[in-house]
2 protein chains.
Amino acid sequence: MKISTRGSLLPPSPIRKLKPFADAALASGKHIYALNIGQPDVETPAQMRNVLKNIDKKVIAYGPSQGLAEYQDALVRYYAFHGIALDRENIIVTTGGSEAITMAFTVCCDPGDEVLVPEPFYTNYNGFSVAAGVRLRPITTSLETNWELPSVEAIEALITPRTRALMICNPNNPTGKVYGAEELRKLAHLARKHDLFLLGDEVYREFIFNGEKHTSLLDFEDMHDHVIVMDSISKRFSACGLRIGAFISRNPQVMQAALAYAQARLCPPTIEQLVAVPSADLGSDYFKRMVAEYRARRDAVIEGLKDMDGVEFQVPNGAFYIIVRLPVKDAEDFVVWMLTDFDVAGETVMLAPAQGFYSTPGLGKDQVRIAFVLNVEKTRRAMDILKQGLATYIKVRHGRG
Amino acid sequence: MKISTRGSLLPPSPIRKLKPFADAALASGKHIYALNIGQPDVETPAQMRNVLKNIDKKVIAYGPSQGLAEYQDALVRYYAFHGIALDRENIIVTTGGSEAITMAFTVCCDPGDEVLVPEPFYTNYNGFSVAAGVRLRPITTSLETNWELPSVEAIEALITPRTRALMICNPNNPTGKVYGAEELRKLAHLARKHDLFLLGDEVYREFIFNGEKHTSLLDFEDMHDHVIVMDSISKRFSACGLRIGAFISRNPQVMQAALAYAQARLCPPTIEQLVAVPSADLGSDYFKRMVAEYRARRDAVIEGLKDMDGVEFQVPNGAFYIIVRLPVKDAEDFVVWMLTDFDVAGETVMLAPAQGFYSTPGLGKDQVRIAFVLNVEKTRRAMDILKQGLATYIKVRHGRG
């Protein structure tokens, strides 16, 4: 039995590939500081968790395909808090940000169509695009130029007759880059000129460490027809296990097609929407505390990296990731080695090899992504172990140092 | 801005089309007996609901992409209860049966490929197939022949070089037909002969009213490489709002691709999986009570139909639906009229026009689907109102009676 071509092309998670090594390390009794995935150790707000105690539905029934009215209204309040005026009809509640991305690809693209996206990018865009039959075309950005977008002309040169959309994750996973209004305007200009959709993955909206205000694609008054924002509560409310996201657009034709998609799959998770409702009203104090916590983690990572020889990086202003170039030939080999061959007093560190975040072959081979998902104390300890591991690895593998 | 062709082809729910009429009826103070959708009034088992009170996770974190181990194990027990031996590696927990269907289409078919499915069929197969770029080809079945499959030769004549799978819902939504081992063998034979996948939507597995044992595609020992079963807890545990389903196969290549798909969307709903865990151990008493309840509802519907002039139907042995041919030209017009122009003491009935369950143009225009989702008392009252409404409609619209 032959499975489909796209089925065979669906990329297994580049992180899962390393899971056997992590499992073996755990089985041998090692403790692993997991800085490889975006799963924060931060508590889900009690206001949300407390909802579970008070759910008293005798019949857990289908909700509306566009989401429960009370959660749609909560999202209207959440966006208003950020100065973005939306109505219920601009919002479809999705099963995680993941479903919102698939919906966007489906509504904007037919099989064989292309989407331009700055690389490095969130690896799972690959899976969604293969499943939807869409080709991702990378707009390469680099550490050397602080992950800035290339010129309008350079991006324009990548547009083909099959290009249907420009997509950007802002703040960016995996680089931590925060794109401001000026850079985003480049994309808006091209989207208007070439009739392209403009897709924004804004799940890290609040994660900005230098006090700047986030620019949402939804802020562009003249781009309502072009813009789709894909959102999720996973990171901002440390609720990754609740699969609740949102698909946002002010283009009625887009919303009509997205609603038809949503109706086919009936509804998003009902209980988990109810848990999400109080998130809209946690207020500015919540976000201030949250940003301060992640800024402290970011600072602990940077402090640790500054103390290591030969690493290169840009200080990220957003999200909770950093891409670091290591003085090694093969970052994946180093990541595996840290699991199999190294520990400090029974402890080691797991990172994500960055190659999986690039689609251009060869890029990122000497880079890793570090996630600021552990508290400051643990982060400091992890960075210390990483420093010792890197120095030892270089001696062992490269004969230097 | 032009959306994608498939976006414009995504069919809006044929039931939603009628929602404005239902809303207007409700606004005018009418009570509606909703026999149009598969949302039972049965309580979700207390053992499941009680889980909510005892969830004490401080961080609601990502679970494994294939599902929580404890829920995978619960599913292994559930299938063992039905005499189906599975291991964890045969199971990926999905976000509802809906996601399992999309996964099956993606893993089996490339854009432009075809899937054969008996019609009438669950309308949402249309949405999933359009999104996945897959063409559904109907194997027409009819009320006159009690929804039996046509001959092997007739089905074989529908196979083209693009056909990749045969799909069957058993027991069937919308006909209530239960396909036995002999009929399913026809499909298995063709699947082997033509190297096709055999997809089984078995979400109504326990809903069989004549005491026969359900034949699962998973029972066919010689078809392990071909069979994918798409499952859901929605109906059997009256937990439609919990978006928990399963993708089942013993073909390792299929499971590898499905897991890659699952990894891209990270994980199914965590809290709702926890709520689903006790469902595996409700035991045979639970199913006996459940089947008795739905059999009584089915009997109340049949009793009511037998009392109406000019209706045609087959007594369904499974699921909780029946397709009825009405003595009207346009069943949708009748359904709307029942909402807009008719009531008995302020009460009316809503049915689903059956045309949306057919893909062959013109079929089902004089048919409706009735769902056995209300308790016996309400069902009897609804059937009485339906009888009066039908007689009045025929007088008014057709000048007969």
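Residues numbered from 1 in each chain as written. Chains lettered and ligands numbered in written order. Predicted model: local features only at pLDDT ≥ 70, side-chain atom pairs only at ≥ 80, totals over all residues.

How do you make sense of the relation of the copies chain A and chain B when you look at a structure like this?
Each of the two chain copies goes to the other by way of a rotation about an axis and a shift along it. Expressed as a screw operation, the relation of chain A to chain B combines 0.0 Å of axial shift with a rotation of 180 degrees, fitting to an RMSD of 0.0 Å. The relationship between the two copies is best expressed as a two-fold rotation axis. Considering only C-alpha atoms, the part of chain A nearest the rotation axis is Lys53(A), at 2.4 Å. Here 100% of the interface residues in chain A have copies in chain B that are interface residues too; the copies meet face to matching face. (Least-squares fit on C-alpha atoms with pLDDT ≥ 70 in both. Contact = placed C-beta atoms within 7 Å.)

What exactly am I supposed to notice about the domain arrangement of chain A here?
Many descriptions give the size of an interface as the accessible area lost when the pieces come together. Residue and element names in this part refer to chain A. Along its sequence, chain A is organised into domain 1 (5-43 + 284-398) and domain 2 (46-282). Facing 37 residues of domain 1, the contacting portion of domain 2 comprises 33 residues. With seven residues, helix α11 (residues 283-306) is the single largest residue contributor to the side of domain 1 that touches domain 2. Grouping the amino acids of the side of domain 1 that touches domain 2 by side-chain chemistry returns 21 nonpolar, nine polar and seven charged. (Domains from an automatic or database assignment. Helix = DSSP H or I, 4+ residues; strand = E, 2+ residues; numbered from the N terminus. Nonpolar A, V, L, I, M, F, W, Y, C, P; charged D, E, K, R; others polar.)

Looking at this model, I keep getting lost on the interface of chain A and chain B. Mind explaining?
Each side of the interface is counted separately: chain A has 67 residues, and chain B has 67 residues. Of all the elements in the fold, those that place two or more residues in the side of chain A that touches chain B are α1 (5-9), α5 (96-108), α6 (124-132), α9 (252-264) and α10 (270-276) of chain A. No other element matches α9(A), which puts seven residues into the side of chain A that touches chain B. The residue inventory of the side of chain A that touches chain B, partitioned by class, reads 33 nonpolar, 22 polar and twelve charged.

So what exactly am I meant to see when it comes to the pairing of strand β2 (residues 91-94) of chain A here?
In regular strands, side chains alternate between the two faces of the sheet. All names here are of chain A. A two-sided burial pattern is seen for β2, the buried positions comprising Ile91 and Val93 on one face and Ile92 and Thr94 on the other. In this structure, β2 lies alongside strand β8 (residues 245-249), joined through four bridges in antiparallel fashion. By the bridge assignment, Ile92 is partnered in β8 with Phe247. (Buried ≥ 20, exposed ≤ 12 C-beta atoms within 10 Å, placed from the backbone. Pairing = 2+ DSSP bridges.)

It is not clear to me how the sheet that holds β2(A) should be interpreted in this structure. Could you clarify?
Strand-to-strand pairing in sheets goes through backbone hydrogen bonds, with the strands running parallel or antiparallel. Residues and elements named next belong to chain A. Taken in spatial order, the seven strands line up as β2-β8-β7-β6-β5-β3-β4 in an open sheet, and their pairing is mixed. Looking along the sheet, the strands with just one partner apiece sit at the ends: β2 and β4 (135-140). Neighbour-to-neighbour, the strand axes of the sheet open up by a mean angle of 25 degrees, direction not taken into account. For strand β7 (residues 227-232) and β8, the ladder comprises five bridges, and the chain directions are antiparallel. Residue pairing in the sheet places Val229 in a bridge with Ile248 of β8. Along the sheet face, α6 touches β3 (114-119) and β4 and points at about 145 degrees away from the line of β4. (Axes fitted to C-alpha atoms, helices over the stretch in contact; angles between N-to-C directions.)

I would appreciate a short explanation of helix α11 (residues 283-306) of chain B in the present structure.
Every α-helix carries 3.6 residues per turn, so stepping three or four residues along brings you back to the same face. All names here are of chain B. Spanning 24 residues, α11 covers 35 Å between terminal C-alpha atoms, matching the ideal 34 Å at 1.5 Å per step. Where α11 is concerned, the buried positions are Met290, Tyr294, Arg297, Arg298, Ala300, Val301 and Gly304. On its buried face, α11 sits against β9 (321-325), β12 (367-371) and α13 (376-398). (Expected span 1.5 Å × (residues − 1).)

Explain the sheet that holds strand β8 (residues 245-249) of chain B here, please?
Residue and element names in this part refer to chain B. What the seven strands build is an open sheet, ordered β2-β8-β7-β6-β5-β3-β4; its pairing is mixed. Looking at strand neighbours, the two that pair on one side only are β2 (91-94) and β4 (135-140), the edges of this open sheet. Neighbouring strand axes in the sheet, compared pairwise and without regard to direction, differ in orientation by 25 degrees on average. Those strands touched by helix α6 (residues 124-132) are β3 (114-119) and β4, and its axis lies near 145 degrees from that of β4.

Please clarify how the confidence of the model for chain A should be interpreted in this entry.
Low pLDDT marks regions whose predicted coordinates should not be analysed in detail. Averaged over every residue, the pLDDT of chain A is 97; residues scoring 70 or more account for 100%. This complex was scored by the predictor with a pTM of 0.97 and an ipTM of 0.96. (pLDDT = per-residue confidence, 0-100.)

In this structure, what is going on with the packing of helix α2 (residues 19-27) of chain A against helix α12 (residues 331-340) of chain A? I would like to understand it.
For any two helices packed against each other, the geometry comes down to the angle between their axes and how far apart the axes lie. Residue and element names in this part refer to chain A. Packing of α2 against α12 brings their axes to within 8 Å, and their N-to-C directions diverge by 20 degrees. As judged from the angle between their axes, α2 and α12 are roughly parallel. Remark: the crossing between α2 and α12 carries left-handed chirality. Contacts between α2 and α12 involve Phe21, Ala22 and Ala25 from the former and Val336, Leu339 and Thr340 from the latter. Along the lines of polarity and charge, the residues of the contact of α2 with α12 split into five nonpolar, one polar and no charged. (Parallel < 35°, antiparallel > 145°, perpendicular 65-115°, else oblique. Left-handed = near helix turned anticlockwise from the far one by under 90°.)

How do you make sense of unusual backbone geometry when you look at a structure like this?
Residues apart from glycine generally show negative phi values, whereas peptide bonds are mostly found in trans. Here the bond from Glu119(A) into Pro120(A) is cis, since omega is 0 degrees, no more than 30 degrees from zero. Looking at the element boundaries, Pro120(A) is found in the loop between β3 and α6. The step from Asn173(B) to Pro174(B) runs through a cis peptide bond, and the omega angle for that step is 20 degrees. Positionally, Pro174(B) belongs in the loop between β5 (163-169) and α8 (181-193). Residues other than glycine seldom take positive phi values, yet Ala319(A) does so here, at roughly 55 degrees. Mapped onto the elements of the fold, Ala319(A) is located in the loop between α11 and β9 (321-325). Owing to 28 C-beta atoms within 10 Å, Ala319(A) belongs among the buried residues under this scheme.

Help me understand helix α13 (residues 376-398) of chain A, please; the structure alone is not making it clear to me.
All names here are of chain A. With 23 residues, α13 should reach 33 Å at 1.5 Å per residue; the first-to-last C-alpha distance of 31 Å fits that figure. For α13, the complete set of buried residues consists of Thr379, Ala382, Met383, Ile385, Leu386, Gly389, Leu390 and Tyr393. Against β1 (31-34), α11, α12 and β10 (347-350) lie the buried residues of α13.

Which parts of the structure should I look at to understand the packing of α5(A) against α6(A)?
All names here are of chain A. Contact pair α5 / α6: the axes reach a minimum separation of 10 Å and the direction vectors enclose 40 degrees. One way to sum up the angle between α5 and α6 is to call them oblique. As for the relative orientation of α5 and α6, their crossing is right-handed in sense. Counting all contacts with α5, which are made through Ser98, Ile101, Thr102, Phe105 and Thr106, the residues of α6 involved are Asn124, Phe128, Ser129 and Ala132. Class assignment for the residues of the contact of α5 with α6 results in four nonpolar, five polar and no charged.

Explain the nonpolar core to me, please; I cannot follow it from the model alone.
For soluble globular proteins, nonpolar side chains are generally found buried alongside one another. Counting 248 residues, the largest nonpolar core has Ala104(A), Leu166(A), Ala258(A), Ala104(B), Leu166(B) and Ala258(B) as its most contacted members. For Leu166(B), the residues in contact, after removing those within four places along its chain, are Leu116(B), Leu187(B), Leu190(B), Ala191(B), Leu196(B), Leu198(B) and Leu199(B). (Core = buried A, V, L, I, M, F, W, Y, C linked by C-beta atoms within 7 Å.)

I keep staring at the environment of Gly211(B) and nothing clicks. Help me out?
Within the secondary structure, Gly211(B) is located in the loop between β6 (197-201) and β7 (227-232). Sequence separation between Gly211(B) and Asn317(B) is 106 residues; the distance between their C-alpha atoms is 9.1 Å.

For this particular structure, what's the right way to read the pairing of β3(B)?
Residues and elements named next belong to chain B. Most of β3 sits out of view: six of its six residues are buried. Covered by surrounding structure in β3 are Glu114, Leu116 and Pro118 together with Val115, Val117 and Glu119, the residues of both alternating faces. Of the strand pairs in this sheet, β3 and β4 are connected by six bridges, and their pairing is parallel. By the bridge assignment, Glu114 is partnered in β4 with Arg135. The parallel pair β3 and β4 is bridged by α6, and the resulting crossover is right-handed. Note that β3 and β5 share three bridges and pair parallel. Among the inter-strand pairings, Leu116 is bridged to a residue of β5, identified as Leu166. (Right-handed = clockwise from strand over helix to strand, strands pointing away.)

Can you walk me through the environment of Val51(B) in this structure?
Residue and element names in this part refer to chain B. Along the chain, the position of Val51 falls in the loop between α3 (46-49) and α4 (69-81). Distance in space between the C-alpha atoms of Val51 and Glu272 is 9.6 Å, their sequence separation being 221 residues. With sequence-adjacent residues up to four places away left out, Val51 is seen in contact with Leu274, Val275, Val277 and Pro278.

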